Amino acid sequence: STSLWSLKLQATLLPAPPAKRMWTRVVTALVAQNRYGSILGFFLLSSICFINRILMTVEGWIFPGIAKISLDDNVVFVIGHQRSGTTSIQTALSEGDNVIESTNFDCICPSLILKVLLAPSAIIINFIVMKLFDTPNHRVGLNEPLEEHLWLLHHFFGEALPSVMFPSLSQDEKILEASIAVEDWHFDFVKDCMRRVIYFKQMKEMMMRMVAQSPRREKTKMVYVGKPLLFTLHMDALRRNFPKAKLVLCIRNPSSTLPSYIDFISAITSVPPDDKVFRDRFISLFKVYSVPLLRRLAMEVTAASAASGKQSSDASGKMLLRFSEWKKEPHKAMKRMCDWTGIVEGKTAKTVAGTLPDDKKASSLSSSQDLRFKKKEKHKNRKASFELIPENKMQEYLGKAFDILQKYDEDGTVPQ
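Residues numbered from 1 in each chain as written. Predicted model: local features only at pLDDT ≥ 70, side-chain atom pairs only at ≥ 80, totals over all residues. Heavy atoms only, no water.

*Asks:* Go over helix α10 (residues 184-212), please, and point to the residues and values.
*Replies:* Spanning 29 residues, α10 covers 43 Å between terminal C-alpha atoms, matching the ideal 42 Å at 1.5 Å per step. For α10, the full list of buried residues reads Trp185, His186, Phe187, Phe189, Val190, Lys191, Cys193, Met194, Arg196, Val197, Ile198 and Tyr199. Trailing α10 by a residue or two, glutamine 213 shows a phi angle of about 55°, which is positive. (Helix = DSSP H or I, 4+ residues; strand = E, 2+ residues; numbered from the N terminus. Expected span 1.5 Å × (residues − 1). Buried < 20%, exposed > 50% of the residue type's maximum accessible area, 1.4 Å probe, protein only.)

Next up, the structure:
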C-alpha cells in the first residue's frame, strides 16, 4: 500500500508516468519469474522510497536553505566504465581537505530526518548491506563513496536496479533499456539529494563548533566529488544540468576492463560462469549498457584529445585520465587533478594515491583516517570468497563481447 501511495505522491510532485511504468514492469517481470522473495524486497524498497519522499517534501518547508545550496563550479564527477579505476580515483580525491562526498548511507536516507533517526542502527544496516552486496573486488558498505546514479533507485530507475538489486531482471533487455533512460527530471532529484548532503555536513560542522566553542575557521571553497557512472551514457544531459562541473574521464583498454567486469558480475550476482543464466545476463548487460557507454567514452576521448592537443584537460571542463597513467604515476596524476579541480590535497589523499613511503604513512594519518585506510587495504587483500572465471570461459565471454561490440559499432567509434 505504501508503494501505491508513493506513486500517488510522485504524481503530485514530479512527472511520475515513467516511474510508474518502470514500477509496473519490475513487479510484472518478478511475478512472471515466480520470484516472490524479490517481490517482497521490491515492496520494501518502494516503502523506503515512499518514506523518504514524504520526509524530503516536509524538509523542503522546514529547511529552505537546502534549495539555496550552490552546485555551480564546485562539482567534480569521476566517470567511466565500471572496473576502469573510477573507485580508486574517487577515493583518493575524496580524501582532500576541502572535499564533500556522498556515501551509500546517503543513498538509503536522502532525507535528513530519516538519516538522523536511522544513525543509531547504522551498524546493523551496514551488516545487512555488506552481506547482500559486498564482494572482494569491490567494497560495499554504508560509509563507502556513493555512485550518484543510485539515488535514482528512489524512482525505480538506474542500471543498478536490474544488475545489482534484482539480477534476474538483467535478462530482460526492455527493462534494462528502460532503467538507463534517464531524463532531466532525474537530474533534478539527484541535485536535490546532493544539496542535502552538503547542507547536512554544513549543519553538522556548525553544531560541532558550537559544542566545542571553537572559533570559526577561515572559509574554504568546498568541492563535491561524485561518481555517477550511469550518467556517462547521458553526457549531453549531464552537461546541461551541471554546466560548470568538471569531469574526470577514466579511460582503460576494453581488453583489460571487460575481464574485470565479467568477474565482477559473476561475484555480485553469485551465479557460476558456467551457468546459461550468467551467459544470457552478461550478453544483455554488455549489449544494452557497456557498448553504448564505451562508444560514448571513445567519442569523448576523441573530442577532448582534439580540443586539447592530447593534454590532460581542456577548456570544456573535461580531463582524461588513463588507467595505465594512474597506476604508473599516481602522485603526478593526483597533483594534476587537484590543481585542476581546486581540491586541497591532504596527507591522506597522498597516502591513498601512493605518494608517501610506507614509513611515513602512519605519521600522516589521524587515528580515524588510518583505520579507514587499513580497512580498505585489508578488504582489498582478503581472500576472495568466489573463484575467478576460468581462462577458457573468460575467452569465450570476451569473444562474445567483442562480437557484439563490432556488430553495434559498425562505424568503428571504439578503437579495436
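There's more to say after this.
*Asks:* Any chance you could break down unusual backbone geometry for me, citing the residues and the numbers?
*Replies:* The phi torsion at asparagine 34 lies on the positive side, around 60°, for a residue other than glycine. Turning to its location among the elements, asparagine 34 is positioned in the loop between α2 (17-32) and α3 (36-62). Looking at asparagine 34, the relative accessible area reads 53%, which means it is exposed. Of note in the backbone geometry, arginine 83 takes a positive phi value of approximately 70° without being a glycine. Topologically, arginine 83 is positioned in the loop between β1 (75-80) and α4 (86-94).

*Asks:* Before we move on, could you go through the pattern of salt bridges and cite the residues and values that matter?
*Replies:* Here the structure, examined in full by the defined rule, presents 14 salt bridges. For the salt bridge of glutamate 147 with lysine 227, the shortest nitrogen-to-oxygen distance reads 3.3 Å. One end of the pair, glutamate 147, is in the loop between α7 (122-133) and α8 (160-165); the other, lysine 227, is in the loop between β3 (223-226) and α11 (235-241), with 80 residues separating them in the sequence. Lysine 335 is the partner of aspartate 339 in a salt bridge, and the nearest nitrogen-oxygen pair spans 2.9 Å. (Salt bridge = Lys/Arg side-chain N within 4 Å of Asp/Glu carboxyl O.)

*Asks:* I'd like a description of the pairing of strand β4 (residues 246-251), backed by residues and values.
*Replies:* Counting buried residues along β4, five of its six residues qualify, which places the element largely inside the surrounding structure. Inspection of the sheet shows β1 paired to β4 by five bridges, in the parallel sense. When the bridges of β4 are listed, glycine 80 appears paired with cysteine 250. Looking at chain direction, β4 and strand β5 (residues 318-322) are connected through five bridges and run parallel. From the neighbouring strand, leucine 249 faces β5, where its bridge partner is leucine 320. (Pairing = 2+ DSSP bridges.)

*Asks:* Lay out the sheet that holds β5 in plain terms, naming residues and giving numbers.
*Replies:* One open sheet holds the five strands; their spatial order is β2-β3-β1-β4-β5, and the pairing between them is parallel. Of all strands in the sheet, those with a lone pairing partner are β2 (99-100) and β5, marking the two edges. As paired elements, β1 and β3 share three bridges and run parallel to each other. Note on β3: the bridge partner recorded for phenylalanine 77 is glycine 226. On top of the sheet, α4 reaches β1, β2, β3, β4 and β5; it is set at about 160° to β1, its chief contact. Across the sheet, helix α15 (residues 330-341) touches β1, β3, β4 and β5, and the angle it forms with β5 is around 170°. (Contact = heavy atoms within 4.5 Å. Axes fitted to C-alpha atoms, helices over the stretch in contact; angles between N-to-C directions.)

*Asks:* Residues and numbers for the nonpolar core, please.
*Replies:* Of all hydrophobic cores here, the largest spans 81 residues; its most connected members are Phe42, Phe77, Trp151, Met194, Leu238, Phe242 and Phe286. In terms of residue count, helix α13 (residues 276-308) provides more of this core than any other element does, twelve residues in total. Counting residues in hydrophobic clusters, the runner-up holds 19 residues, among them Ala92, Val248, Trp326 and Ala333. (Core = buried A, V, L, I, M, F, W, Y, C linked by side-chain atoms within 4.5 Å.)

*Asks:* Would you mind going over the pairing of β1 in detail, with residue names and values included?
*Replies:* Regular strands place side chains that alternate from one sheet face to the opposite one. Taken across its six residues, β1 has six buried, putting it largely inside the fold. Both faces of β1 are covered, namely the face carrying Val75, Phe77 and Ile79 and the face carrying Val76, Val78 and Gly80.

*Asks:* Describe the environment of phenylalanine 42, with residues and values.
*Replies:* Position of phenylalanine 42 among the secondary structure elements: in helix α3. When the C-alpha positions of phenylalanine 42 and valine 26 are compared, they lie 8.5 Å apart, and in sequence the two are 16 residues distant. If we skip the residues at most four places from it in the chain, phenylalanine 42 touches Trp23, Val26, Val27, Leu30, Phe156, Leu161 and Phe166.

*Asks:* Tell me about the packing of aromatic side chains, residues and numbers included.
*Replies:* Under the defined criterion, the tally for this structure stands at seven aromatic pairs. Both rings, one in phenylalanine 42 and one in phenylalanine 166, keep their centres 5.5 Å apart while their planes meet at 75°; by these two values the pair is edge-to-face. In this pair, phenylalanine 42 sits in helix α3 while phenylalanine 166 sits in the loop between α8 and α9 (173-179), placing the two residues 124 residues apart along the sequence. When the ring of phenylalanine 187 is compared with that of phenylalanine 231, the centres are 4.6 Å apart and the planes differ by 35°; the resulting orientation is tilted. (Phe/Tyr/Trp six-rings, centres within 6.5 Å; stacked < 30°, edge-to-face > 60°.)

Distances and angles like these do not, on their own, reveal function.
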